[in-house]
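Structural overview
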Amino acid sequence: MDLGVSVSPLAEGGAVSAKIQPKLELPVAAIVWFLALLILLFLPVLKPMVSEWIHDETMGYAFFVPLVAGYVVWLDRERILAAPVKPCWPALALVVWGFCQMLLGFLGAQFFLARTAFLIAVVGVIWTVAGTAVVRALSFPLLLLIFMIRIPQYIYQRITFPLQILASQVATRGLEMLGIPVLREGNVLELASKRLEVVEACSGIRSLLSLMFLSVAYGRLFEKRLWVKIALFVSTVPIAIGCNAARVTLAGVLTQYAPEIAEGAYHVFEGWVIFMFELVVLVGFHRILTRFVRRSHA
């Protein structure tokens, strides 16, 4: 009796055919090479910018900007690698534009202009080597890099002084509600025992910029709805202003009753505590929005 025996087909050479892996089209090596050359070219601009990160407390968060941007690229690596590669040589003009802008900004002491020129040149390199689709896939981490550049000085000054006055006004009302006599003259609070000045560092601009960056990063990592991300970003303004006003009020109370801990290391520690509280408020606001959306859907 014949027995039906089925023989599985084998690949040539007796080995089972392996799964063919898709070919990597993104020219990673070329992009890294040209970006390294770009860093050397823009070194006169990048070196003082990094030095500012080290010595200026307002820009201390900037060290985390390229790290977060790199982490976002890693999370989106499959989508980025899947983008079709089509070099766009006309985009080389963007690199030339960035170099010329860097020269104009560097010679005219316009540091914001010179530093943003580096980002323009980075986009130009990626666009030239990889194409439009890859630039579109990298749009969010590239936009995130703008946070590592300090805002123009004239804008910074226009924002800082009104924040100082606002914090002084709120702190004055808070101290009066607590029964502490206070007289305000501009950004100076006259207490019974000591004068308290709301200086530029206490305006809240430092925590506002840091909180804005963290809200964008937090929204990208933990939220998918665009309107919620926008709401988180907008909420950083009242959160930072309110918490900074509370900090100035607390400093006034400590100046009145415990002046020995109102300055120095205790004052710096107080700033860190307030900033951590701002983060808690931001996360709590996100939870409230999430619950509101769930109830609306229900």
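Check the entry above for the structure.
Counting from 1, residues in each chain are numbered in the order their sequence is written. Two thresholds apply to this predicted model, a pLDDT of at least 70 for residue-level local features and 80 or more for giving and counting side-chain atom pairs, whereas whole-chain, interface and lining totals are computed over all residues. Values reported for side chains reflect all heavy atoms of the structure, with hydrogen atoms and water molecules removed beforehand.

1. Observations concerning the pairing of strand E1 (residues 182–185)
The condition is simple: One bridge is not enough; two strands pair if DSSP finds at least two bridges between them. Runs of H or I in DSSP of at least four residues are treated as helices and runs of E of at least two as strands, each being numbered from the N terminus.
In the sheet, E1 pairs with strand E2 (residues 188–191) via four bridges, with the strands oriented antiparallel. The partner of Arg 184 across the bridge, within E2, is Leu 189. Hairpin connection from E1 to E2: two residues lie between these consecutive antiparallel strands, with Gly 186 at a positive phi of about 70 degrees.

2. Concerning a nonpolar patch on the surface
Selection criterion: The patches described consist of residues with a relative accessible area above 30% and no salt bridge, like charges being joined within 9 Å and nonpolar side chains (Val, Leu, Ile, Met, Phe, Trp, Tyr) within 5 Å. Using a 1.4 Å probe, accessible areas were evaluated by the Shrake-Rupley method; residue-level cover was limited to the displayed protein chains. Salt bridges are identified by distance alone: a Lys or Arg side-chain nitrogen within 4 Å of an Asp or Glu carboxyl oxygen.
A grouping of Trp 33, Phe 34, Leu 37, Ile 39, Leu 40 and Leu 43 is seen on the molecular surface, where their side chains present a nonpolar patch of about 610 Å² in accessible area. Element by element, the count of residues in the nonpolar patch is highest for helix H1 (residues 28–41), at five residues. Its location among the elements puts Trp 33 in helix H1.

3. As for the environment of Ala 114
As a reminder, the rule being used: Each residue gets one of three labels from its accessible area relative to the maximum for its type: buried under 20%, exposed over 50%, partly exposed in between, using a 1.4 Å probe on protein chains only. Any two residues whose heavy atoms approach within 4.5 Å at even a single point are treated as in contact.
Inspection of the secondary structure assignment puts Ala 114 in helix H6 (residues 111–130). With a relative accessible area of 3%, Ala 114 lands in the buried category. Setting aside chain neighbours within four positions, we find Ala 114 in contact with Phe 42, Val 45, Gln 101, Met 102, Gly 105 and Phe 106.

4. Some points on the sheet that holds strand E3 (residues 195–197)
Either a parallel or an antiparallel arrangement is found when strands of a sheet pair, and the pairing is made through backbone hydrogen bonds. Rules: Helix axes use the C-alpha atoms of the stretch in contact, all axes being lines fitted to C-alpha atoms, and the angles between their N-to-C directions lie in the range 0 to 180 degrees.
The three strands are arranged E1-E2-E3 in an open sheet whose pairing can be described as antiparallel. The open sheet has two edge strands with one neighbour each: E1 and E3. Between one strand and the next, the sheet's axes are offset by a mean angle of 20 degrees, whatever the strand orientation. Contacts from helix H9 (residues 153–177) reach E1 and E2 within the one sheet, and its direction differs from that of E1 by about 165 degrees.

5. Section: the packing of H1 against H6
What counts, and what does not: An angle below 35 degrees is read as roughly parallel, one above 145 as roughly antiparallel, one from 65 to 115 as roughly perpendicular, and any other as oblique. Handedness of a helix crossing follows the sense of rotation of the near helix relative to the far helix, less than a right angle counterclockwise being left-handed and clockwise being right-handed. Ten residue types, Ala, Val, Leu, Ile, Met, Phe, Trp, Tyr, Cys and Pro, are classed as nonpolar, four, Asp, Glu, Lys and Arg, as charged, and the remainder, Gly among them, as polar.
One way to put it is that H1 packs onto H6 with a least axis distance of 10 Å and a crossing angle of 155 degrees. Classified by the angle their axes make, H1 and H6 are roughly antiparallel. Note that H1 runs across H6; the crossing there is right-handed. Note on element contacts: H6 touches H1 through Phe 118, Ala 121, Val 122, Val 125, Ile 126, Val 129 and Ala 130, opposite Ala 30, Ile 31, Phe 34, Leu 35, Leu 38 and Ile 39. Its residues placed into classes, the contact of H1 with H6 shows 13 nonpolar, no polar and no charged.

6. What about the packing of helix H2 (residues 43–55) against H6?
Between H2 and H6, whose axes approach to 10 Å, the crossing angle comes to 110 degrees. The orientation of H2 with respect to H6, classified from their angle, is roughly perpendicular. Here the hand of the crossing between H2 and H6 comes out left-handed. Residue-level contacts link Val 45, Leu 46, Pro 48, Met 49 and Glu 52 of H2 to Ala 114, Arg 115 and Phe 118 of H6. Grouping the amino acids of the contact of H2 with H6 by side-chain chemistry returns six nonpolar, no polar and two charged.

7. As for the nonpolar core
Note the following rule: Here the nonpolar core consists of buried residues drawn from Ala, Val, Leu, Ile, Met, Phe, Trp, Tyr and Cys, with membership extended through side-chain atoms lying within 4.5 Å.
Judged by nonpolar contacts, the single largest core of 60 residues is most densely connected at Leu 38, Phe 42, Phe 118, Ile 126, Phe 147 and Met 148. Per-element tally for this core: the top contributor is H6, with ten residues. Judged by nonpolar contacts, the second largest core, of twelve residues, contains Ala 167, Leu 196, Val 248 and Ala 251.

8. A few points about the packing of aromatic side chains
This is how the line gets drawn: Paired rings are identified among Phe, Tyr and Trp, the last through its six-membered ring, by centres lying within 6.5 Å, and are further divided according to the angle between planes into stacked (under 30 degrees), edge-to-face (over 60) and tilted (the rest).
Counted according to the given criterion, the structure contains five aromatic pairs. Consider the rings of Phe 42 and Phe 118, whose centres lie 5.5 Å apart with planes at 65 degrees: the pair is edge-to-face. A residue pair is termed long-range when its members are at least 10 positions apart, and Phe 42 in the loop between H1 and H2 and Phe 118 in helix H6 qualify at 76 residues. Each member of the pair, Phe 42 as well as Phe 118, is classed as buried. Residues Tyr 61 and Phe 213 carry aromatic rings whose centres are separated by 5.9 Å and whose planes lie at 35 degrees to one another, so their mutual orientation is tilted. A residue pair is termed long-range when its members are at least 10 positions apart, and Tyr 61 in the loop between H2 and helix H3 (64–75) and Phe 213 in helix H10 (residues 205–222) qualify at 152 residues. Like Tyr 61, the residue Phe 213 is buried in the burial classification.

9. Regarding the pairing of E2
Summarising the sheet, E2 and E3 pair through three bridges and their orientation is antiparallel. By the bridge assignment, Val 188 is partnered in E3 with Glu 197. Taken together, E2 and the strand that follows it, E3, pair antiparallel across an intervening segment of three residues.

10. Comments concerning the pattern of salt bridges
Applying the stated rule across the entire model yields six salt bridges. Linking Glu 52 and Arg 150 is a salt bridge whose minimum nitrogen-to-oxygen distance equals 3.7 Å. Of the two residues, Glu 52 sits in helix H2 while Arg 150 sits in the loop between helix H8 (139–144) and H9, which places them 98 residues apart along the sequence. Judged by its relative accessible area of 14%, Arg 150 falls in the buried class. We note a salt bridge from Arg 79 to Asp 76, for which the minimum N-O separation is 3.2 Å. Three or more residues are tied together by salt bridges with common partners; here these are Glu 52, Asp 56, Arg 115 and Arg 150.

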